Amino acid sequence: MAERSTERTERTERGTDYSAPALDKALDILELLAGEAGGLTQTEIAERVGRNVSQIYRVLATLERRGYLTRDDRSGRYVLSMALFDLAHRHPPLRGLVQLATGPMRGLADQVRQSCNLGIDDAGAVRIVAQAESPADFGYHVRVGARFPLESTATGAVLAAGTDAATSTALEPGEAAQLDDGWLARPDRLQAGVTDVAVAITDRRGHTVAALTVPYVATSYSAVGLDEVVAAARATAAEISARLGGMPVAAGSLEG
């Protein structure tokens, strides 16, 4: 908060103060709650943004009325709704990615009889932006909008490798070579019995913009083996990358 106050003071001294106090309050609140999974009460929010309750009361009421916040009637805690996520989905770059990936993802799910999802790097975490259900009677479902730690998922490892981001993920023998080749297959570290097959989606410059992941569930009913799933996922990722005007995923395509 001190940094924001300093910036506003500097703009005022230069004669270019275009601040909108109510908007500043709203953004402060949204940015605060974005990092608070359990939500905060009105008093806690006021304390954390450096204002008193009377200064933020109307802002909270407006954000709740517009659907950006929801409030638990029992605890009085405010949490972010999915409204900002919906806005992001209406943003042309993300909307275009999801639209171009939907058909190939549906084809992949039908081919391997497993679900698949599309994840992006959302401020250092994996955000799921699309999902294709398994046509089989069983499958692993990941909710669109779900957020996972970057460092503990195969999807996150692929995304991090594509952006040269540092991760604390310890790689097993052979996984580094897979990442260099634009994909990774390993047991899910959050869900036993699932093997994640994650493949980079690249843009026209060869930069990783998303990861296609098949959370492979191996049972006696699985009609397609893991090796075939890896091959199909890589082919589908290459198709989506081509649709984006990018390069097929290959060795070296994660550079940059």
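Our subject is the structure that appears above.
Numbering of residues begins from 1 in every chain and follows the order in which that chain's sequence is written. Confidence filtering applies because this is a predicted model: local features only for residues at pLDDT of at least 70, side-chain atom pairs given and counted only at 80 or more, and all residues used for totals across whole chains, interfaces and linings. Side-chain measures were taken over the full set of non-hydrogen atoms in the model, leaving aside hydrogen atoms and water.

**Q** Hey, could you run me through the sheet that holds strand E3 (residues 116-121) in this one?
**A** Across a sheet, strands are paired by hydrogen bonds formed along the backbone, either parallel or antiparallel in direction. Two strands qualify as a pair provided DSSP detects at least 2 bridges between them. Strands are runs of DSSP state E lasting at least 2 residues, helices are runs of H or I lasting at least 4, and numbering of each runs from the N terminus. Spatially, the 6 strands line up as an open sheet ordered E5-E4-E3-E8-E7-E6, and their pairing is antiparallel. Every interior strand has two partners, whereas the edge strands, strand E5 (147-149) and strand E6 (183-187), have only one. With direction set aside, neighbouring strand axes in the sheet form an average angle of 30°. Here 6 bridges tie E3 to strand E4 (residues 125-132), and the two strands are oriented antiparallel to one another. Within E4, the position partnered with asparagine 117 by the bridge is glutamine 131. The contact criterion used is simple: two residues touch if any of their non-hydrogen atoms lie within 4.5 Å. Between the N-to-C directions of two axes lies an angle of 0 to 180 degrees, each axis being a line fitted to C-alpha atoms and, for a helix, fitted only over the stretch in contact. Strands E3, E4, E6, strand E7 (194-202) and strand E8 (208-217) of the sheet are contacted by helix H7 (residues 154-162), whose axis makes an angle of about 160° with E8. The strands touched by helix H9 (residues 226-243) within the sheet are E6, E7 and E8, with E7 carrying the most contacts at an inclination of about 25°.

**Q** Help me out: how do you make sense of the pairing of E3 in this one?
**A** Residues in a regular strand project their side chains so that they alternate between the two faces of the sheet. Buried residues are those whose accessible area, probed at 1.4 Å on protein chains only, stays under 20% of the maximum for their type, while exposed residues exceed 50% and partly exposed ones sit between those limits. Among the 6 residues in E3, 5 count as buried, and that is most of the element. Counting the residues between successive antiparallel strands, the hairpin from E3 to E4 contains 3 residues, one of them, alanine 123, with a positive phi of roughly 55°. With 3 bridges joining them, E3 and E8 adopt antiparallel strand pairing. Within E8, the position partnered with glycine 119 by the bridge is alanine 211.

**Q** Is there a simple way to explain the pairing of E7 in this structure?
**A** Counted residue by residue, E7 has 8 buried out of 9 residues, so it is predominantly covered. Across 5 bridges, E6 lies against E7 in antiparallel orientation. Note that in E7 the partner of arginine 186 across the bridge is aspartate 196. Linking E6 back to E7 in an antiparallel pair, the connection comprises 6 residues, with glycine 193 at a positive phi of about 85°. Bridging between E7 and E8 involves 9 bridges; their strand directions are antiparallel. Each bridged residue has a counterpart across the sheet, and for isoleucine 201 the counterpart in E8 is alanine 210.

**Q** Looking at this structure, I do not really get helix H2 (residues 21-33). What am I missing?
**A** Note: α-helices contain 3.6 residues per turn, so residues at a spacing of three or four share the same orientation. The span you would expect from a helix comes to 1.5 Å times its residue count less one. An ideal rise of 1.5 Å per residue puts 18 Å on 13 residues; H2 measures up with 18 Å between its terminal C-alpha atoms. Regarding H2, the residues found buried are Asp24, Lys25, Ala26, Asp28, Ile29, Leu30, Leu32 and Leu33.

**Q** Which parts of the structure should I look at to understand unusual backbone geometry?
**A** Leaving glycine aside, a negative phi is the common case for residues, and trans is the common case for peptide bonds. Non-glycine residue arginine 113 carries a positive phi angle of around 60°. Relative to the helices and strands, arginine 113 resides in the loop between helix H6 (92-112) and E3. The partly exposed category is assigned to arginine 113, whose relative accessible area is 36%.

**Q** Looking at this structure, how should I read the environment of valine 142?
**A** Relative to the helices and strands, valine 142 resides in the loop between E4 and E5. On the accessibility criterion, valine 142 (7% relative accessible area) is buried. Considered as a pair, valine 142 and proline 215 are 73 residues apart in the sequence and their alpha carbons are 8.9 Å apart. Sequence-distant contacts of valine 142, that is, excluding residues within four places in its chain, are made with Asn117, Ile128, Gln131 and Phe148.

Any functional reading would require information that these geometric values do not contain.
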